[in-house]
Amino acid sequence: MLRDRPETPQDDPTKLWMIPYADLMSNLVILFLALFVFSYATRSPEYDRALARIEKEIASQKRLTEKERQLQEMELAVRLKREMSRLRLDDFGLKVSSRRIELTLPSPVLFREGSDRLDPAAEELLSSLAGLFSQLPNPILVEGHTDDVPVLGGRLRSNWELSAARAFSVVEFLSSRGLPAARFHARGYGEFRPVASNADARGRRMNRRIEISVIRELSKEGA
């Protein structure tokens, strides 16, 4: 019995072009490698100095950009404080760290007791904040907190839900003023992160708060 043997380029004259083509590609690869090695080995000292100068200029520009960003962030913190004074809001907190610029607002400034709907009087404050935040591209984190008094009745079943709903209400308002929604993160902590004791009215009032943070370390912290 005769078996079919594999077909080779010699059997099919139309495939003979593959042999010199493969040799040509191999020679071209070797040629380009040789040219690269030659150019690298024979580069002039001026080339190295020019490359070092370019790298130094790029690094200097990055440092300048970082300093400009930090300066803008500090200016934002100053403007936030001025705006709170202009609106005669004394019961607020402002903390600046390497990670964030954190503005703390007592809940009564934004919401009525037990409600997650913004008080109409809060629109002026939040509109002013939206204008200030529009000057920087930084992410913004909104966190809601409550005291430990249980939520009774209504559609919200717990302080956790209330704090989260309030944070979302603030985010929705700020984004409706033209700030990109992708910049925002909202979190609700209920009564589980108090800053004072819930044993008295003053402590409970301090715990009912909204924290709005401008995240400073863009490359290290998403929120």
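For the structure itself, look to the data block above.
Parameters and conventions
Residues numbered from 1 in each chain as written. Predicted model: local features only at pLDDT ≥ 70, side-chain atom pairs only at ≥ 80, totals over all residues. Heavy atoms only, no water. Helix = DSSP H or I, 4+ residues; strand = E, 2+ residues; numbered from the N terminus. Expected span 1.5 Å × (residues − 1). Buried < 20%, exposed > 50% of the residue type's maximum accessible area, 1.4 Å probe, protein only. Patch = residues over 30% accessible without salt bridge, like charges linked within 9 Å, V, L, I, M, F, W, Y side chains within 5 Å. Areas by Shrake-Rupley, 256 points an atom, 1.4 Å probe, with all protein chains shown as cover. Salt bridge = Lys/Arg side-chain N within 4 Å of Asp/Glu carboxyl O. Pairing = 2+ DSSP bridges. Right-handed = clockwise from strand over helix to strand, strands pointing away. Core = buried A, V, L, I, M, F, W, Y, C linked by side-chain atoms within 4.5 Å. Contact = heavy atoms within 4.5 Å.

Observations regarding helix 4 (residues 122–133)
Think of an α-helix as turning once every 3.6 residues; residues three or four places apart then point the same way. End to end, helix 4 covers 16 Å across 12 residues, agreeing with the expected 16 Å (1.5 Å per residue, within 8%). Residues of helix 4 that are buried include every one of Ala122, Leu125, Leu126, Ser128, Leu129, Ala130, Leu132 and Phe133, and no others.

Points about the environment of Asp90
Structurally, Asp90 is set in the loop between helix 2 (45–86) and strand 1 (93–96). The class for Asp90 is exposed, based on a relative accessible area of 70%.

Topic: a nonpolar patch on the surface
Taken together, Trp17, Met18, Tyr21, Leu24, Met25, Leu28, Leu31, Phe32 and Leu35 make up a surface patch of nonpolar side chains, about 890 Å² in accessible area. By the secondary structure assignment, Leu24 is in helix 1 (residues 18–41). The class of Leu24 is partly exposed, set by a relative accessible area of 45%.

Quick word on the pairing of strand 3 (residues 140–145)
Within strand 3, six of the six residues are buried, leaving the element largely enclosed by the surrounding structure. With five bridges joining them, strand 3 and strand 4 (residues 184–188) adopt parallel strand pairing. When the bridges of strand 4 are listed, Gly144 appears paired with Gly188. Taking the sense of rotation as the criterion, the β-α-β connection linking strand 3, helix 5 (residues 159–176) and strand 4 turns out right-handed. Of the strand pairs in this sheet, strand 3 and strand 5 (residues 209–215) are connected by six bridges, and their pairing is antiparallel. Note on strand 5: the bridge partner recorded for Val142 is Ile212.

Here's the deal with the nonpolar core
Counting residues in each nonpolar core, the largest one holds 31 residues, and the members touching the most others are Leu110, Leu129, Phe133, Val170 and Ile212. Here the element with the most residues in this core is helix 4; it accounts for seven residues. Residue contacts for Leu110: discarding those within four places in its chain leaves Leu105, Arg117, Leu118, Asp119, Ala122, Leu125, Leu126, Val170 and Ile210.

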